[in-house]
Amino acid sequence: MLLSEEVNKTLLTDFILAGFAVHPDLKPLLFMVFSAMYLITILGNGSFILLIRLSAHLHTPMYFFLTTLSLLDICYSSVVVPNTLANILNKEGSITLIGCAAQLFLFSAFGSTECLLLSVMALDRYVAICKPLHYTTIMTGGLCIQLVAASFALGTVQSLLQVSLTFRLQFCQARVVDHFICDVRPLLKLSCTDTFINETVIFLCAAMVGGTSLVTILMSYTYIISALLKIPSVAGRQRTFSTCASHLTCVILFYGAVLFMYLRPPSLYSPETERAASVLYTVVIPMSNPLIYSLRNQEVKESLKKITFCRNPRCGSKTIDR
């Protein structure tokens, strides 16, 4: 038995991603849907970044964070969708051991960074609404860069921990990953060794990264709502809160899917719900974010009009200090 397990472990050089349980005749339709969504994600987020860089009056901390969010969404989706599209067309859907580890690392790193970035954006809105007179002195360009760098650093460290613990396990059972990506829980199900430590680390990482970020967001919005209630006019409250509405919508979508994925107990694990939630936060949300921030943001819509209809080469060339 030990010899058989050692041979299986030695020969394991790749995994097979099960993908989506659909009829073969529906795979071309699934390929077109994912391709369209990915194209919208790239074009939408890319155009949003370009619009912010070209519009001088959008050179503020809030839009600096939005630029980073759009870049994250492009990277996050690019880690998952191209490989998924290839596997839809490929009957076997194999991925090398190194490729699986790389996908898990990038997927986890970008996802954790986005969690932390959303909490940073909530703090930005708190300072803007609750301390408007000190906003420019608090949210300096240097601080904004440090906050984004810290989000990337913490997200990367968390991801390295997950990947190192996952690939120390012995995968000596079937090599079919019951998912369309190399995610942690489906990989743990393939291990023939005890995964208690891994399950504990998953929960703790989700609690530390996602939970801490969520608490930061809730506390920020508690103060924001308290400040809004002190504004005498209804129009003033609506105008002030409109700067937070887009961020709040993205938070609800992202955290709803992520916390459902990683904070539920293993007994409630289901491959079908896992795939559905993964599609939501790896494909749908990155595609939706630029639409949410564009359609619900008057400044963005005005900037788009100026760039579209401006004929003067010097139009909008004046920059505003971040």
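Residues numbered from 1 in each chain as written. Predicted model: local features only at pLDDT ≥ 70, side-chain atom pairs only at ≥ 80, totals over all residues. Heavy atoms only, no water.

K.L.:
Hey, could you run me through the confidence of the model for the protein in this one?
P.N.:
One rule of thumb: low pLDDT means the predicted coordinates there are not for detailed reading. Residues of the protein with pLDDT of at least 70 account for 88%, and the chain-wide mean is 84. Helix α6 (residues 141–166) holds the highest mean pLDDT among the elements of the protein, 95, whereas helix α1 (residues 2–11) holds the lowest, 45. When the criterion is pLDDT under 50, residues 1–10 qualifies, and its contacts beyond four places in sequence or with other chains add up to five contacts. Overall, residues 316–322 carries pLDDT values under 50, and its contacts beyond four positions in sequence, including any with other chains, amount to 15 contacts. (pLDDT = per-residue confidence, 0-100. Helix = DSSP H or I, 4+ residues; strand = E, 2+ residues; numbered from the N terminus. Contact = heavy atoms within 4.5 Å.)

K.L.:
Even after reading the chapter, I still don't get the side chain of R275, so can you show me in this structure?
P.N.:
Structurally, R275 can be placed in helix α10 (residues 271–295). Classification of R275 by relative accessible area gives buried; the value is 10%. There is a polar contact of 3.0 Å between the side chain of R275 and the side chain of D178. Leaving out residues up to four positions away in the same chain, R275 has contacts with G19, F20, D178, H179 and F180. (Buried < 20%, exposed > 50% of the residue type's maximum accessible area, 1.4 Å probe, protein only. Polar contact = N/O pair within 3.5 Å; in protein donor to acceptor, adjacent residues only side chain to side chain.)

K.L.:
Would you take a moment to explain the sheet that holds strand β2 (residues 94–96) for this structure?
P.N.:
Strand pairing within a sheet occurs via backbone hydrogen bonds; the two strands may be parallel or antiparallel. The sheet built from three strands is open, its strands ordered β2-β1-β3 with mixed pairing. With partners counted over all chains shown, the strands left at the sheet margins are β2 and β3 (176–177), one partner each. Bridge analysis of strand β1 (residues 14–17) against β3 gives two bridges, and the strand direction is parallel. Within β3, the residue paired with L17 across the bridge is V177. Running over the sheet, helix α4 (residues 97–130) touches β1 and β2 and is turned about 85 degrees from β2. (Pairing = 2+ DSSP bridges. Axes fitted to C-alpha atoms, helices over the stretch in contact; angles between N-to-C directions.)

K.L.:
Would you mind showing me how to read the packing of α4 against α6 here?
P.N.:
The geometry of a pair of packed helices is captured by two quantities: the angle between their axes and the separation between those axes. Interaxial distance between α4 and α6 falls to 7 Å at its minimum, and their mutual angle equals 145 degrees. For the crossing formed where α4 meets α6, the hand is right-handed. Split by residue class, the contact of α4 with α6 holds 13 nonpolar, 10 polar and no charged. (Left-handed = near helix turned anticlockwise from the far one by under 90°. Nonpolar A, V, L, I, M, F, W, Y, C, P; charged D, E, K, R; others polar.)

K.L.:
I would appreciate a short explanation of empty space enclosed by the protein in the present structure.
P.N.:
One simple way to see leftover space: roll a probe sized like a water molecule over the atoms. Under the definition given, this model contains two cavities of 30 Å³ or more. In this structure, the second largest cavity occupies an estimated 50 Å³ of space. What lines the second largest cavity is simply M62, F65, L66, M121, D124, R125, T243, H247 and Y293. At the level of secondary structure, the elements contributing two or more residues to the lining of the second largest cavity comprise α3 (61–89), α4 and α9 (234–262). (1 Å grid on protein atoms, 1.4 Å probe; cavity = no way out; pocket = protein on both sides within 12 Å on 5 of 7 lines; lining within 4 Å. Points joined across faces, edges and corners; volume = space filled by probe spheres on them.)

K.L.:
Teacher, can you tell me more about the state of the cysteines here?
P.N.:
What the rule picks out here adds up to one disulfide. Here C100 engages in a disulfide with C182; their sulfurs sit 2.1 Å apart. In this structure the cystine formed by C100 and C182 twists about its S-S bond by roughly -120 degrees; its chirality is therefore left-handed. Of the two residues, C100 is situated in helix α4 and C182 in the loop between β3 and α7 (184–188); the sequence distance between them amounts to 82 residues. Given the relative accessible area of 0%, C100 is considered buried. (Disulfide = S-S within 2.5 Å.)

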